[in-house]
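Now for the letters of each chain:
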Amino acid sequence: LSGSLTFVSTIALCGIMSIGCSPSAPEQVESEAVVPVSAEPARLGDLRASIHATGTVTPAPGAELLVVAPESARIAEMPKAEGDRVATGDLLVRFEIPSASADVARQQAEVGRAEAQIENARAALTRARELFDRGVAARKEMEDADRDLADAQASHAQAQAALASAESAAGRATVRAPFSGVVVRRLHNPGDLVEATASDPVLRLVDVRRLEVTALIPIGDVARITTGAPAHLTSGVAGTLTVTSLPTAVDQNTGSVPVRLSFVNPGPAFPIGAPVQVDIEAEEHVGVVLVPATAVVREGEDTAVFVVAGDTAERRPVVLGLTDGTNTEVRSGLDAGEMIITRGHTGLPDGAAIALDAA
């Protein structure tokens, strides 16, 4: 029994020794995956900046008429409906203003009375001169008659001025289109009683061939815009514009300033008040290093690009300049001709192994 136990122990000990003394297993080393990427060289070129803004379609100065009653009156006639086209001189609104008609009649009577006074004064002066020449009348009588004629002529002039004023007031009872356009709003109907205030308008006429865009620009970008600079709509119907005026006042609530832009081709298919997006061309940089905007990696305030360095990707911090959404200017950190990774660089670590696409 003792010999058997010794044999078993010997076998167990040899088993343990055989395990501990066996050759070591080869070390498992994980190889890094190669990332396929696309690249293109940074190039020298010209780049013009653009300022993106939100604007509103509005009538140009002088292309809009808001009809308001000259005084409290009733609408007698209003032949044009909302959406109707109007030619220059067409009747828009006729108001009933009885007081204006009565005033014209009264002033016409005053003019007639003044004309009669002139005739009487002229006849009296003629008689006074004849009597003076014959030695019958004194010089003072002739001078008095001459003064009476001058007074009558002055009264006649005053009566004519009052008549002209009354006729002008009466003429405001009839409103005709000063330009061709479209009735964009009709706020009353014949028979309505309206007040002579801007808060109670009757009709709005707009010349749709003279529309423009008023865009709000951050005050910091105003100095980058010049009068006559081209601009383009970036939403809805395409359109080309030019900057027609720069602002002289700042909106204290928004810190923005309104910039007016005119359409190059009049009559755009936009309703009044429609919001639009516009890109205004600003300053231009010539002969600068350019990379595709999609190649730029942003991490907080830091910007970088990945440069092809042999079989690896090198993360290169760069300082950027202008961008137009397609290309971006690199002011420092990169030279023209260096290969920039344009695809496959999302989430790529610095020094990662890469393989360029065959394309």
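Since the model is a prediction, treat every value here as computed from it, not as a measurement. (Residues numbered from 1 in each chain as written. Predicted model: local features only at pLDDT ≥ 70, side-chain atom pairs only at ≥ 80, totals over all residues. Heavy atoms only, no water.)

### So, the environment of P41
Within the secondary structure, P41 sits in strand β1 (residues 35–41). Judged by relative accessible area, P41 falls into the partly exposed class, the value being 42%. Filtering out sequence-adjacent residues up to four positions away, P41 remains in contact with G337, E338 and M339. (Helix = DSSP H or I, 4+ residues; strand = E, 2+ residues; numbered from the N terminus. Buried < 20%, exposed > 50% of the residue type's maximum accessible area, 1.4 Å probe, protein only. Contact = heavy atoms within 4.5 Å.)

### Some remarks on the confidence of the model for the protein
When the pLDDT values of the protein are averaged, the result is 85; 88% of them are 70 or greater. Every residue in residues 1–31 is under pLDDT 50, and counting partners more than four places away or in other chains gives zero contacts. (pLDDT = per-residue confidence, 0-100.)

### Quick look at the sheet that holds strand β4 (residues 73–77)
Strand order in the open sheet formed by four strands is β7-β6-β4-β9, with antiparallel pairing between adjacent strands. Either end of the sheet is taken by a strand with one partner, and the two such strands are β7 (174–176) and β9 (193–194). Bridge count between β4 and strand β6 (residues 91–96): three bridges; the pairing is antiparallel. Within β6, the position partnered with I75 by the bridge is F95. (Pairing = 2+ DSSP bridges.)

### Thoughts on the pattern of salt bridges
Applying the stated criterion to the full structure yields 18 salt bridges. Notably, a salt bridge pairs E212 with R260, separated by 2.8 Å at the nearest N-O pair. In this pair, E212 is assigned in strand β11 (residues 211–218) and R260 in strand β14 (residues 256–263), connecting sequence segments 48 residues apart. (Salt bridge = Lys/Arg side-chain N within 4 Å of Asp/Glu carboxyl O.)

### A few points about the packing of aromatic side chains
How two aromatic rings sit relative to each other is set out by the distance from centre to centre and by the angle between their planes. Under the defined criterion, the tally for this structure stands at zero aromatic pairs. Directly above the ring of F179 sits R210, whose terminal nitrogen or CZ lies 5.6 Å from the centroid. (Phe/Tyr/Trp six-rings, centres within 6.5 Å; stacked < 30°, edge-to-face > 60°. Lys NZ or Arg CZ within 6 Å of the ring centre and 35° of its normal.)

### Describing the nonpolar core
Within the largest apolar cluster, 30 residues are counted, with the highest numbers of intra-cluster contacts made by I217, L241, L261, V278 and I280. Mapped onto this core, the elements with two or more residues apiece are β2 (43–59), β11, β12 (230–233), β13 (240–245), β14 and β15 (275–292). Tallying contributions element by element places β15 first for this core, with six residues. Sequence-distant contacts of L241, defined by excluding residues within four places in its chain, comprise V213, A229, P230, A231, H232, L233, L261, S262, F263, V264 and V278. (Core = buried A, V, L, I, M, F, W, Y, C linked by side-chain atoms within 4.5 Å.)

### Let's talk about the sheet that holds strand β3 (residues 64–67)
Strand order across the open sheet formed by four strands is β3-β10-β8-β5, with antiparallel pairing between neighbours. Each end of this open sheet is capped by a strand with a single partner; those strands are β3 and β5 (85–86). Where β3 and strand β10 (residues 203–206) come together, four bridges link them in antiparallel fashion. The residue of β10 that forms the bridge with E64 is V206.

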